[in-house]
Amino acid sequence: MSKSWLNEGTVIYQVFVDRFSTGVLERDLKLANKTSNNWMGGNLKGIINRLNHIEKFSNTIYISPIFLSSNYHGYSVENHFKIDPHFGSAKDLKKLVDECHKRNIKVILDFVPNHVSFKNPIFLDAQRNRSSKYFNWFIFKKWPKEYLCFLDVKELPKLNLENEEAANYIISAAKYWVLKFDIDGYRLDHSIGPPLRFWRKFKKEMKELKKDFVLIGEHGNALGWYFDACFKKDHIETLWFIRDLPNNVRRKIESLIDKSDLFSIIELNDILMKYTQDIFDGCIDFTFMDLSYAIASNKLTMKEFEILLEKHYKKFSKGFNLITSLSNHDRGRFLSYFGKKKLIDFSILQFSISQPTLIYYGEEIGLKGKGTFEKAREFMSWNEKHWNKDIFMHYRRLFIKKLSN
């Protein structure tokens, strides 16, 4: 594993763009702590205006998808080469990256390679015309209405990245944002969806473009044990990364795929992440998160937690980054499930581990959000009177200590 700027001293601040800041204080204050399944108005200018806050807690920013999208969250991509006007303009993104780099803050974009929106013109053309040049960019089981998608979400048709033209299209889109805006890395959404062969080509071309460019996989069960969430057997046909693994490994994964107990889910996560070590610079560590939730809910003792965590880390080579987090945009906020004392205790543990650390926006002020998806995406509060000052100062101290180690 080559030397990377992503390392144990990296603290990543995750911004969910639509829920962070509109760039206008009066609007931000009205939206504080609210959520919706529609657009709320956060944008790139809002992030620029809040960099003074972000740099108090992190040296890297990870931004949710900003591409033209059917939905506020950005994962329903209608065009991989355009910024959604809800989020701003190319000029705004350039300014954001430049301002971050002036402050020595790295910029990671959330990139969506596996699927597109069912409103994407490429998919619509393939769906309307069997002779479309895009027809083989998708897998139609029964044209035009039955096709492979992201898991079983019909609004997100899966790209056939074994098709050379489709693969080149996605890789050219990934290169575009680096060439034009000089971003520093991608968090790769649902990275278990595309085939392993695609990822090898993707890595080769991205590293040739920018040697120190960082690739971070979302390679496991994003919801996990605490929410009794598991992949289904039917999902396997959409998880093409698994198809390229050795037969014995594939059979093991298939035996774990629809189990929702803690030990099966962390074993599945570890197997999946293990086979990315020669491709990605690291992964979001869902095993750390699941184990943290298990001990916080008294399903494990501290001794059991320590043994399992040590066993987990021994599976990976030194230099492969397992990014720790307690909260995210899918699962909700640790504070809301387990309270202030446990957040303090577990964040100390999180920052003490020799791995990159991720903070989900608002975690540092005590923003709450109990539940998955929209319930995990409340608008950031910018009224400092409503911030939990103990938590604020606690995260500030953790960041300073992490930098000094």
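Our structure's up above, just so we're on the same page.
Throughout what follows, the structure given in this document is the object of discussion. Quick caveat: nothing in here was measured; it's all calculated off a predicted structure. (Residues numbered from 1 in each chain as written. Predicted model: local features only at pLDDT ≥ 70, side-chain atom pairs only at ≥ 80, totals over all residues. Heavy atoms only, no water.)

## Overview of the overall build of the protein chain
Piece 1. Broken down by element type, the protein chain carries 15 helices and 14 strands.
Piece 2. Computed over the C-alpha atoms, the radius of gyration of the protein chain is 20 Å, within 12% of the 22 Å expected from 2.2 N^0.38 for a compact globule of 405 residues.
Piece 3. By residue count, 60% of the 405 residues in the protein chain fall in the buried class.
Piece 4. Look at the contacts in the protein chain between residues 6 or more apart in sequence, and 74% of them connect residues 24 or more apart. (Helix = DSSP H or I, 4+ residues; strand = E, 2+ residues; numbered from the N terminus. Rg over C-alpha atoms; globule rule 2.2 N^0.38 Å. Buried < 20%, exposed > 50% of the residue type's maximum accessible area, 1.4 Å probe, protein only. Contact = heavy atoms within 4.5 Å.)

## Brief notes about the environment of Phe181
Piece 1. One can find Phe181 in helix 6 (residues 164-181).
Piece 2. By relative accessible area, Phe181 is classed as buried at 2%.
Piece 3. Separated by 187 residues in sequence, Phe181 and Lys368 have C-alpha atoms that sit 33 Å apart.
Piece 4. In this structure Phe181 touches Ala90, Leu93, Lys94, Val97 and Tyr176, once residues within four positions along its chain are discounted.

## Section: the packing of aromatic side chains
Piece 1. In the structure shown here, the tally under the stated rule is 44 aromatic pairs.
Piece 2. Note on Phe140 and Tyr147: the rings are 6.1 Å apart at their centroids and 75 degrees apart in plane angle, and the pair reads as edge-to-face. For the pair shown, Phe140 and Tyr147 are each scored as buried.
Piece 3. Judged by centre distance (5.0 Å) and plane angle (85 degrees), the rings of Tyr176 and Trp177 are edge-to-face.
Piece 4. On the accessibility criterion, Tyr176 (25% relative accessible area) is partly exposed.
Piece 5. The ring of Tyr147 carries Lys154 above its face, with NZ or CZ at 3.9 Å from the centroid. (Phe/Tyr/Trp six-rings, centres within 6.5 Å; stacked < 30°, edge-to-face > 60°. Lys NZ or Arg CZ within 6 Å of the ring centre and 35° of its normal.)

## A look at the nonpolar core
Piece 1. Core analysis: the biggest nonpolar cluster contains 125 residues, and Ile47, Ile183, Tyr186 and Phe202 have the highest contact counts within it.
Piece 2. Among the nonpolar cores identified, the runner-up in size contains 12 residues, and Trp5, Tyr62, Phe286 and Leu358 belong to it. (Core = buried A, V, L, I, M, F, W, Y, C linked by side-chain atoms within 4.5 Å.)

## A look at the pattern of salt bridges
Piece 1. In the structure shown here, the tally under the stated rule is 27 salt bridges.
Piece 2. Between Glu237 and Lys141 there is a salt bridge; the shortest N-O distance is 3.0 Å. With a gap of 96 residues between them, Glu237 in the loop between strand 11 (214-217) and helix 8 (240-243) and Lys141 in strand 6 (residues 140-142) connect regions that are remote in the sequence.
Piece 3. Put simply, Glu218 and Arg187 hold a salt bridge, and the shortest N to O gap is 3.1 Å. One end of the pair, Glu218, is in the loop between strand 11 and helix 8; the other, Arg187, is in strand 10 (residues 185-188), and 31 residues separate them in sequence. For the pair formed by Glu218 and Arg187, the shared burial category is buried.
Piece 4. When salt bridges with common partners are traced through the structure, they connect Asp110, Arg187, Asp189 and Glu218 into a single cluster. (Salt bridge = Lys/Arg side-chain N within 4 Å of Asp/Glu carboxyl O.)

## Things to note about the state of the cysteines
Piece 1. Counted under the stated rule, the structure contains 0 disulfides.
Piece 2. Just so you know, Cys149 is unpaired, no disulfide at all, and the nearest cysteine sulfur is the one on Cys230, 17 Å from it.
Piece 3. With a relative accessible area of 5%, Cys149 lands in the buried category. (Disulfide = S-S within 2.5 Å.)

## Topic: the packing of helix 9 (residues 247-256) against helix 10 (residues 262-274)
In a pair of packed helices, the angle between the axes and the distance between the axes together describe the arrangement.
Piece 1. One way to put it is that helix 9 packs onto helix 10 with a least axis distance of 10 Å and a crossing angle of 150 degrees. Classified by the angle their axes make, helix 9 and helix 10 are roughly antiparallel. Where helix 9 crosses over helix 10, the two elements pack in a sense that is left-handed. The residues of helix 10 that touch helix 9, namely those facing Val249, Lys252, Ile253 and Leu256, are Ser264, Glu267, Leu268, Ile271 and Leu272. (Axes fitted to C-alpha atoms, helices over the stretch in contact; angles between N-to-C directions. Parallel < 35°, antiparallel > 145°, perpendicular 65-115°, else oblique. Left-handed = near helix turned anticlockwise from the far one by under 90°.)

## Overview of the pairing of strand 11
Piece 1. Residue alternation in strand 11 divides its side chains into two sets, Val214 and Ile216 and Leu215 and Gly217, and both sets are buried.
Piece 2. Pairing between strand 10 and strand 11: 4 bridges, direction parallel. Its bridge partner lying in strand 11, Leu188 is registered against Gly217.
Piece 3. Crossover strand 10 to strand 11 through helix 7 (residues 196-209) is right-handed.
Piece 4. Both strand 11 and strand 12 (residues 282-284) contribute to a ladder of 2 bridges, which runs parallel. Within strand 12, the position partnered with Gly217 by the bridge is Cys283. (Pairing = 2+ DSSP bridges. Right-handed = clockwise from strand over helix to strand, strands pointing away.)

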